[in-house]
Amino acid sequence: MAELFDFFLLRPRNDDHSRFESIDVKPATTPTRSEMSVLLQDGLSGDNGAYGRFLEGAARILRGFCARKLPPGLPGFDAEDLVQEILMAVHAKRHTWRTEEPVEPWLFAIARYKAIDAFRKHGKRIEVDISDHVDAMFVEPDVSGLVARDVMKAVDTLDGRTREVVTAISIEGKSIEETAERLDISRGAVRVAFHRGLKILSERDAS
Amino acid sequence: MQTDQLIAQLQSDAATKPRPSAVGWGFITICAVVAAGLALAATVGVRPDFSTAVETVRFDFKFLLTAILAGTALVALTELARPTGDRRKLGLLLLPFALLVGSVVTELAVLPASLWEARMVGTNYASCLTVIPLFGLGPLSLFIYASRKRAPLRPMLQGALCGLAAAAVGAFFYAAHCTDDSPLFVATWYPLASAILVVTGAVVGQRILRW
């Protein structure tokens, strides 16, 4: 609520100045502005050399910040890339800095914004070793909608020789040779019976 | 690319091109007000009994409320359009909210309970819900445009604030047309109509106010 009153009475918010005055200690005659603030201010008013020095100084300050903020393991994006993205944003938005305010909070506000932005953009491509997650990713093999019991039931509806052949090959996993030997018929007959059985099952499944 | 090269590039860019700028908020606000005013004049117009209505408290209160909402929302949105904007300015929005609540309480106290429902529902709710968003479209576009030229750290919040300010401007002019003056009507339908613009602003802001 104090905020509201301050706003409407156009009263500056209580800050250190009033406290200093109340105990009769003179505030510094000119508030010391950081070198960076002066450089950007000069840069914005046309001193190109000052602007360049500001950007170099900003890059130096930001390097530490970026190394701390950027999580490791973003492929194709390192702290120096983030430094450059921040510098470009600073350049594009340099008119949003008010020359009377210190430049550092403004610089770091932009830096934080771009760090979060970079994490959103590049963080999605984080590469993860899938061998740690095999259990979570294991999917039941597709049995075409049939579970074992349904298969048995379907096979049971076949008759005579056909059923024996399909049971032996599909369910017991016997080879054509073994089946032919056991039923004492030719391999050709086993193949014919097997295919006929599968055809009947698939037609019944489709209907 | 090396950072040194980038810096040299940015430096030469600053030397050759004019520095980026953004249209002033004062000008944007005037344009928004004119846009909504023209929309009123070109469409539904002011109510026939406007000159007698201005003598009633309830009618005038609608303008007071919407003007204060527009003012506080604009202060908040211009502040948050800068990276170092003070987020506490959002607290200003409590003022129009308190005003609205106060007016409802007063209205309930002075009005017999039998009239409450009729005054709340009113007769113009359908036009209220369509005309306020329509009047607010121009201001919303202007506020979003001006925010885009700056550097809001929360694109979605910024868009929502643009929607709220636009709704207030739209509602200010709609109030001159609407014949429902009871705070019960205002507190029911104006916020609903505003919500349409706030949500629109938030969705648009989330998409185009990133930088």
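Just so it is clear, the structure is predicted and the values come from calculations on it, not from any experiment.

Please explain the overall build of chain B as it appears in this structure.
In terms of regular secondary structure, chain B is built from 9 helices and 0 strands. The helix and strand sequence of chain B, counted from the amino end, reads α-α-α-α-α-α-α-α-α. Looking at chain B residue by residue over its 211 residues, the buried ones come to 46%. Considering only contacts within chain B whose residues lie at least 6 apart along the sequence, 84% involve residues at least 24 apart.

In this structure, what is going on with the nonpolar core? I would like to understand it.
Within soluble globular proteins, side chains that are nonpolar generally end up buried alongside one another. Residue and element names in this part refer to chain B. With 49 residues, the main nonpolar core has Trp25, Leu77, Cys128, Ile132, Phe143, Tyr174 and Tyr190 as its most contacted residues. When contributions to this core are tallied by element, the ones reaching two or more residues are α2 (25–42), α4 (57–80), α7 (125–148), α8 (155–177) and α9 (183–208). It is α8 that provides the largest number of residues to this core, a total of 13 residues. The contacts of Leu77, once residues within four sequence positions are left out, are Trp25, Phe143, Ser147, Gln158, Leu161, Cys162 and Ala165.

I would appreciate a short explanation of the side chain of Ser182(B) in the present structure.
Topologically, Ser182(B) is positioned in the loop between α8 and α9. Residue classification places Ser182(B) among the buried positions, given a relative accessible area of 5%.

So what exactly am I meant to see when it comes to the side chain of Asp117(A) here?
You can see Asp117(A) is positioned in helix α6 (residues 103–123). Among the residues examined, Asp117(A) registers a relative accessible area of 9% and is labelled buried. Once you skip the residues sitting within four places of it in the chain, Asp117(A) turns out to touch Arg210(B) and Trp211(B).

Honestly, the interface of chain B and chain A in this entry has me stumped. Any pointers?
For an interface, size is often stated in terms of accessible area lost upon the parts coming together. Contact with chain B, which involves 34 residues of that partner, is made by 36 residues of chain A. The tally of links from chain B across to chain A stands at 1 salt bridge. Here chain B and chain A share 10 residue pairs in polar contact (both at pLDDT 80 or more) between them. Element by element, the count of residues in the side of chain B that touches chain A is highest for helix α1 (residues 3–16) of chain B, at 8 residues.

Help me out: how do you make sense of unusual backbone geometry in this one?
A negative phi angle is the norm for most residues apart from glycine, just as the trans form is the norm for most peptide bonds. Residue and element names in this part refer to chain A. Notably, Asp184 is not glycine yet its phi reads approximately 60°, a positive angle. The topology assignment puts Asp184 in the loop between α10 (176–183) and α11 (187–206). For Asp184, a relative accessible area of 67% corresponds to the exposed category.

Quick question: what am I supposed to make of the packing of helix α3 (residues 35–44) of chain A against helix α4 (residues 48–69) of chain A here?
For any two helices packed against each other, the geometry comes down to the angle between their axes and how far apart the axes lie. Residue and element names in this part refer to chain A. Axis separation between α3 and α4 bottoms out at 7 Å; the angle between their running directions is 140°. Between α3 and α4, the angle falls in the class oblique. Where α3 crosses over α4, the two elements pack in a sense that is left-handed. Residue-level inspection shows Met36, Leu39, Leu40, Asp42 and Gly43 of α3 in contact with α4, the latter providing Ala50, Tyr51, Arg53, Phe54, Gly57, Ala58 and Ile61. Its residues assigned to classes, the contact of α3 with α4 comprises 8 nonpolar, 2 polar and 2 charged.

I'm lost on the packing of α2(B) against α7(B) in this one. Help?
All names here are of chain B. Where α2 contacts α7, the axes come no closer than 7 Å and their chain directions differ by 165°. Here α2 is positioned roughly antiparallel relative to α7, judged by the angle of their axes. Note that α2 runs across α7; the crossing there is right-handed. Listed contacts from α7 to Trp25, Ile28, Cys31, Ala32, Ala36, Ala39 and Leu40 of α2 are Phe135, Pro139, Leu142, Phe143, Tyr145, Ala146 and Ser147. When grouped by side-chain class, the residues that make up the contact of α2 with α7 number 13 nonpolar, 1 polar and no charged.

So what exactly am I meant to see when it comes to the packing of aromatic side chains here?
By the definition in use, this model includes 11 aromatic pairs over all chains. Note on Tyr113(A) and Trp211(B): the rings are 4.2 Å apart at their centroids and 10° apart in plane angle, and the pair reads as stacked. With Tyr113(A) in helix α6 and Trp211(B) in the segment after α9, this pair bridges two chains. For the pair Tyr113(A) and Trp211(B), a shared accessibility class is recorded, and that class is buried. Judged by centre distance (5.3 Å) and plane angle (75°), the rings of Phe172(B) and Phe173(B) are edge-to-face.

What exactly am I supposed to notice about the state of the cysteines here?
Residue and element names in this part refer to chain B. For the structure on display, the rule yields 0 disulfides over all chains. For the unlinked cysteine Cys178, the closest cysteine sulfur is that of Cys128, found at 6.2 Å. Owing to a relative accessible area of 0%, Cys178 belongs among the buried residues under this scheme.

Explain the UniProt feature "transmembrane region" (unreviewed entry) in chain B here, please?
All names here are of chain B. Following the UniProt record, the feature "transmembrane region" (unreviewed entry) maps to residues 21–41, 61–78, 90–111, 123–145, 157–176 and 188–209 here. Helix makes up 77% of residues 90–111 and strand 0%. Its end C-alpha atoms lie 33 Å apart. Note that residues 123–145 is 91% helix and 0% strand, and that its end C-alpha atoms are spaced 35 Å apart.

Explain the pattern of salt bridges to me, please; I cannot follow it from the model alone.
Proximity of charged atoms lets side chains of opposite charge pair with each other. Per the stated rule, a full pass over the model turns up 15 salt bridges over all chains. Ionic pairing is found between Lys114(A) and Asp117(A), a salt bridge with its closest N-O pair at 3.5 Å. Within this pair, Lys114(A) and its partner Asp117(A) are both found in helix α6, separated by 3 residues, close to a single helical turn. Note on Lys114(A): relative accessible area 7%, which makes it buried. Between Lys17(B) and Asp13(B) there is a salt bridge, and its shortest N-O distance comes to 2.8 Å. Here the salt bridges do not stand alone but share partners, grouping Arg47(B), Asp49(B), Lys62(B) and Asp181(B) into one network.

How should I be thinking about α8(B) in this particular structure?
In an α-helix, one turn spans 3.6 residues, which is why side chains three or four residues apart end up on the same side. The end-to-end C-alpha separation of α8(B) is 33 Å, in line with the 33 Å expected for 23 residues at 1.5 Å each. Of all 23 residues in α8(B), 19 are buried, a share of seventy percent or more.

So, how was this worked out
Residues numbered from 1 in each chain as written. Chains lettered and ligands numbered in written order. Predicted model: local features only at pLDDT ≥ 70, side-chain atom pairs only at ≥ 80, totals over all residues. Heavy atoms only, no water. Helix = DSSP H or I, 4+ residues; strand = E, 2+ residues; numbered from the N terminus. Buried < 20%, exposed > 50% of the residue type's maximum accessible area, 1.4 Å probe, protein only. Contact = heavy atoms within 4.5 Å. Core = buried A, V, L, I, M, F, W, Y, C linked by side-chain atoms within 4.5 Å. Salt bridge = Lys/Arg side-chain N within 4 Å of Asp/Glu carboxyl O. Polar contact = N/O pair within 3.5 Å; in protein donor to acceptor, adjacent residues only side chain to side chain. Axes fitted to C-alpha atoms, helices over the stretch in contact; angles between N-to-C directions. Parallel < 35°, antiparallel > 145°, perpendicular 65-115°, else oblique. Left-handed = near helix turned anticlockwise from the far one by under 90°. Nonpolar A, V, L, I, M, F, W, Y, C, P; charged D, E, K, R; others polar. Phe/Tyr/Trp six-rings, centres within 6.5 Å; stacked < 30°, edge-to-face > 60°. Disulfide = S-S within 2.5 Å. UniProt positions renumbered as here; feature names shortened; annotations may be inferred. Expected span 1.5 Å × (residues − 1).

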